[in-house]
Amino acid sequence: MRATNLYAPTLRQTPADAEILSHQLMLRAGMMRKSANGMYHFLPLGWRTIRKIEQIIREEMDAAGGQEICMPILQPAEYWEESGRWAAYGAEMMRMKDRHGHEYCLGPTHEEMITALVRDEVRSYKQLPLMLYQIQDKFRDERRPRFGLMRSREFIMKDLYSFDKDVEGMNLSYQKMYDAYDAIFTRCGLEFRPVEADNGAIGGAHSHEFTVLTDAGESSIACCTECDYAASDEKAELAPLEAPEEDMQALEKVATPGTNTIDSLVEFLGVPIEKTIKAVAYETESNELVLVFVRGDHDVNEVKVLHQLEGALELRMADEESIRSAGGCPGFMSPIGIKAGTRILVDATVMKMRNAVSGANEVDFHYKNVNPERDFKEVRVADLRLVKDGDPCPRCGAPMKMTRGIEAGQVFTLGTKYSAAMGATFLDEQGKEKPLVMGCYGIGVGRTMAAAIEQHHDENGIIWPPSIAPFEVVVVPIQAKNPEQLRYAETVYEELKTSGVDALLDDRTERAGVKFKDCDLIGYPVRITIGPKTLEEGDIEVKVRKSGEVFHDTKENYLAHVKELLGSL
Ligand SMILES: [Zn+2]
């Protein structure tokens, strides 16, 4: 490709509405343009990177036994009614009617479609296991699309679905996909961690998020500093923290005027915050009051709370009226004295506390010497708190560190959730009819691209890993108007292409400085400069974008050197 034929409109200024770096750089480097809110055009350079990421995914999916298919993006409502998700999905699903009045949605995901496809074809265990995937657009009508490709409404996704005859087979498929994802993100040149994740609304038992590590990420994850354990902050398991041994003192009610926050209480009583118990009052969508107690310096993990409430989907803050009607007092809560039958959840660490302080369910009063093990009645104890920096790893006990990342892929086990609901069954070895056991595995292709930029850039622009760069090498004649320089550059460009290097010839007649700025902005991994010194002395300048290193090669050795550099970046 010659730059004079390339549609790559670069921008000198940062577009005002681009909030994060990857979005700004993709716009500035002429890789994408906005079409409408949360929707984007990919221009040639951006699309080349997308296609390279897709190709890596495709090769690894095929190697793991996947077969590529393509399903329609428009999906009939009836499949979603069978699975029960037509009503449950909510406003993110873009719904519409055709001219006959039939209802459809733009596919936000494809579990229903693939289950409906497979149930008509797969009849016997002999056809299993089966892994089908596609790389295609999805649409989710985000309330607030933002961050460019991170949270767009239309996005490209690879989704693979596995079908097995039993859980053992499903776990094998899961492991194959886990390994394939590891290979994909490694080949894309990304630093990432497979993170144990919460399954969210999709259902199923087992899940990992493949998270690209970068401070710009919206996921907060806890990583062990010693072993491989990593988990999203929602999921991170926490063993109860031990409290120092103390003899239990008698419960005592004390006046604590004006201390309706933990900070004011700690100051008033002069006790360490680790000796205090705080409460958060929630209501479920069916208006059930749920009182949650954690140590004063800890925070409630609402996902863990939801897991303790069979069937509940949402939590909101309880209003004061319902707290009072259960015998509680906002700002001064305790499990002691709450009306029987009220749902009380206590974090496991709280149960280890000795002679602690909690509210007394009365304005301006607290209890001292609260010993939960002795004093709390009819409470449910569980791990309910949010992980924080330094918490011990549940596997090895070493301290965990909180870091941020971008979720670029996710692997799930689904079990028989969809197959049972939609009647996707097969006959096993004994001729018995059973539902297919499924898994699903997604990768956000555009998100992977954005994550790569968030992880690899500097003040001058993008620094692509060679495997997903729009071009691996750019050849720049300093004066393209000079026919000898241009001819020399063309020879080098042709030689690179012939030997399998993905090269661009920047034959524009712009000033060298302008071209160099564009090269740095777009982020080609290697730049070869052809100038007067090349013609006079045979010197070929090779510059590495990532390190800034400059090498002076000859016509004889530059090609081997460039290949070696590309292999090492
Ligand atoms: Zn560990």
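As the structure is a prediction and not an experimental result, all values here were calculated from the model. All residue numbers refer to positions counted from 1 along the written sequence of the respective chain. Given that the model is predicted, a residue must reach a pLDDT of at least 70 before its local features are reported, and side-chain atom pairs must reach 80 or more before they are shown or counted; all residues, however, enter totals for whole chains, interfaces and linings. For side-chain calculations, the full set of non-hydrogen atoms in the structure is used, while hydrogens and water are omitted.

Below, the discussion takes up the domain arrangement of the protein. How big an interface is tends to be reported as the loss of accessible area on association of its parts. Note that domain bounds follow an automatic or database assignment of domains. Taken domain by domain, the protein holds domain 1 (17-71 + 107-236 + 402-453), domain 2 (252-382) and domain 3 (471-568). Distance from the C-alpha centre of domain 1 to the C-alpha centre of domain 2: 39 Å. Residues are treated as being in contact if the distance between any of their heavy atoms lies within 4.5 Å. Every contact between the two is made by five residues of domain 1 and, on the other side, four residues of domain 2. Buried area counts how much accessible surface, traced with a 1.4 Å probe, disappears from two parts once they are put together, with both parts' losses summed. Carbon and sulfur atoms supply 38% of the area that domain 1 and domain 2 bury against each other, a total of about 310 Å² over both sides. Here a salt bridge means any side-chain nitrogen of Lys or Arg lying within 4 Å of a carboxyl oxygen belonging to Asp or Glu. The interface formed by domain 1 and domain 2 contains zero salt bridges. N or O atoms within 3.5 Å of each other form a polar contact, as long as, within protein, one can give a hydrogen and the other can take it, and as long as residues adjacent in sequence are counted only when both atoms are side-chain atoms. On the surface where domain 1 and domain 2 come into contact, there are three residue pairs in polar contact (both at pLDDT 80 or more).

Glycine aside, a negative phi is what most residues show, and trans is what most peptide bonds show. Cis rather than trans, the peptide bond between leucine 128 and proline 129 has omega equal to -5 degrees. When you line up the elements, proline 129 lands in the loop between α5 (111-119) and β7 (130-139). One non-glycine residue with positive phi stands out, namely asparagine 355, at about 50 degrees. A run of H or I in DSSP becomes a helix once it reaches four residues, and a run of E becomes a strand once it reaches two; helices and strands are each numbered from the N terminus. Within the element layout of this structure, asparagine 355 appears in the loop between α10 (348-351) and β18 (356-359). Throughout this description, buried means an accessible area under 20% of the type-specific maximum (1.4 Å probe, protein chains only), exposed means over 50%, and partly exposed covers the range between. Asparagine 355 gets classed as buried once you look at its relative accessible area, which sits at 9%.

The buried fraction of helix α13 (residues 445-455) amounts to eleven of the eleven residues, a majority that puts the element mostly inside the structure. All of the buried residues along α13 are Val445, Gly446, Arg447, Thr448, Met449, Ala450, Ala451, Ala452, Ile453, Glu454 and Gln455.

Right, let's get into the packing of helix α2 (residues 44-63) against helix α6 (residues 167-187). With their axes 9 Å apart at the nearest point, α2 and α6 run at an angle of 150 degrees to one another. When the interaxial angle is binned, α2 and α6 end up roughly antiparallel. Where α2 crosses over α6, the two elements pack in a sense that is right-handed. For the pair α2 and α6, the contacting residues are Ile56, Ile57, Glu59, Glu60 and Met61 in the first and Met177, Ala180, Tyr181, Ala183, Ile184 and Arg187 in the second. Any residue that is not Ala, Val, Leu, Ile, Met, Phe, Trp, Tyr, Cys, Pro, Asp, Glu, Lys or Arg is counted as polar, Gly included; the first ten are nonpolar and the last four charged. For the contact of α2 with α6, the residue count by class is eight nonpolar, no polar and three charged. Where helices are involved, their axes are fitted lines through C-alpha atoms of the stretch in contact, as for all axes, and angles between N-to-C directions lie from 0 to 180°. Orientation labels follow simple angle bins: below 35 degrees gives roughly parallel, above 145 gives roughly antiparallel, 65 to 115 gives roughly perpendicular, and whatever is left gives oblique. The crossing is said to be left-handed when, going from far helix to near helix, the turn is anticlockwise and less than a right angle, and right-handed when the turn is clockwise.

A few words now on the coordination of the zinc ion. Under ideal tetrahedral coordination, the four donors around a metal are separated by 109.5 degrees; under ideal octahedral coordination, the six donors are separated by 90 or 180 degrees. Listed donor atoms are N, O and S within 2.8 Å of the metal (Na, K and Ca: 3.2 Å). As water is not included, a site may look incomplete. Every protein donor of the zinc ion is accounted for by Cys224 (SG), Cys227 (SG), Cys393 (SG) and Cys396 (SG), and the metal-donor separations fall at 2.2 to 2.3 Å. In this structure, the zinc ion is coordinated by four donor atoms arranged in tetrahedral fashion, with angles at the metal of 99 to 119 degrees. Positions of the donor residues of the zinc ion, expressed as sequence spacing, correspond to C-x2-C-x165-C-x2-C. Remark: cysteine 393 occurs in the loop between β20 (380-382) and β21 (400-415) and cysteine 224 occurs in strand β11 (residues 219-224); sequence separation between them is 169 residues. By the burial criterion, cysteine 224 is buried, and cysteine 393 matches it. Only two sets of limits are used to name each site, 85 to 135 degrees for every angle of a tetrahedral four-donor site, and over 155 degrees for opposite donors with all other angles from 65 to 115 for a square planar four-donor or octahedral six-donor site, with any other site named irregular.

Should DSSP find at least two bridges between two strands, the strands are regarded as paired. Strand order across the open sheet formed by five strands is β28-β27-β29-β30-β31, with mixed pairing between neighbours. The sheet is open, and its two borders are formed by β28 (503-505) and β31 (550-553), each paired with just one other strand. Strand-to-strand twist across the sheet, computed as the mean angle between neighbouring axes with direction ignored, equals 20 degrees. Where strand β30 (residues 540-544) lies against β31, four bridges are found, and the strand directions are antiparallel. The partner of glutamate 541 across the bridge, within β31, is histidine 552. Here helix α14 (residues 483-498) sits on the sheet and contacts β27 (473-477), β28, β29 (526-530) and β30; the angle it forms with β27, its principal contact strand, is near 165 degrees.

The next point concerns the side chain of aspartate 375. Of note, aspartate 375 is situated in helix α11 (residues 372-375). Looking at aspartate 375, the relative accessible area reads 14%, which means it is buried. Within the structure, the side chain of aspartate 375 is placed 2.7 Å from the side chain of arginine 374, a separation counted as a polar contact.

As a further point, take the packing of aromatic side chains. Only Phe, Tyr and Trp rings are paired, with Trp represented by its six-membered ring, and only when their centres lie within 6.5 Å; those with planes under 30 degrees apart are stacked, over 60 edge-to-face, the remainder tilted. Tallying each qualifying case throughout the model produces ten aromatic pairs. For the ring pair tyrosine 174 and tyrosine 441, a centre distance of 6.4 Å and an interplane angle of 55 degrees mean the geometry is tilted. With tyrosine 174 in helix α6 and tyrosine 441 in strand β24 (residues 437-444), this residue pair connects regions lying 267 residues apart in the sequence. For the pair shown, tyrosine 174 and tyrosine 441 are each scored as buried. Taken together, the ring pairs connect Tyr178, Tyr181, Phe185, Phe192 and Phe210 into an aromatic cluster. Sitting over the face of the ring of phenylalanine 365, lysine 253 holds its NZ or CZ atom 5.6 Å from the ring centroid. In this scheme, the term charge over a ring applies when either NZ of a lysine or CZ of an arginine sits within 6 Å of the ring centre and within 35 degrees of the ring normal.

Summarising burial for strand β15 (residues 289-295): seven of the seven residues are buried, a large majority. Bridge count between strand β14 (residues 277-284) and β15: seven bridges; the pairing is antiparallel. Pairing of alanine 279 across the sheet is with phenylalanine 293, part of β15. Linking β14 back to β15 in an antiparallel pair, the connection comprises four residues, with asparagine 287 at a positive phi of about 65 degrees. One ladder, built from four bridges, connects β15 with strand β17 (residues 343-347); its direction is parallel. By the bridge assignment, valine 292 is partnered in β17 with leucine 345.

As a further point, take the nonpolar core. Residues grouped as a nonpolar core are buried Ala, Val, Leu, Ile, Met, Phe, Trp, Tyr and Cys residues, joined through side-chain atoms within 4.5 Å. Grouped together as the largest cluster of nonpolar side chains are 58 residues, with contacts concentrated most on Met31, Met61, Met177, Tyr181 and Trp464. Residues within four places of methionine 61 in sequence aside, it is in contact with Gly66, Tyr133, Lys158, Leu160, Met177, Ala180, Tyr181 and Ile184.

Per the counting criterion, the structure on display carries 44 salt bridges. Note that arginine 380 and glutamate 310 form a salt bridge whose closest N and O atoms lie 3.3 Å from each other. Of this pair, arginine 380 sits in strand β20 while glutamate 310 sits in the loop between α8 (302-308) and β16 (315-317), and the two are 70 residues apart along the sequence. Judged by its relative accessible area of 35%, arginine 380 is partly exposed. For arginine 508, the salt bridge is made with aspartate 518, and the minimal N-O distance between the two is 3.1 Å. Linking arginine 508 in the loop between β28 and α15 (512-522) with aspartate 518 in helix α15, this pair joins segments that are ten residues apart in sequence. When sorted by exposure, arginine 508 lands in the same class as aspartate 518, which is buried.

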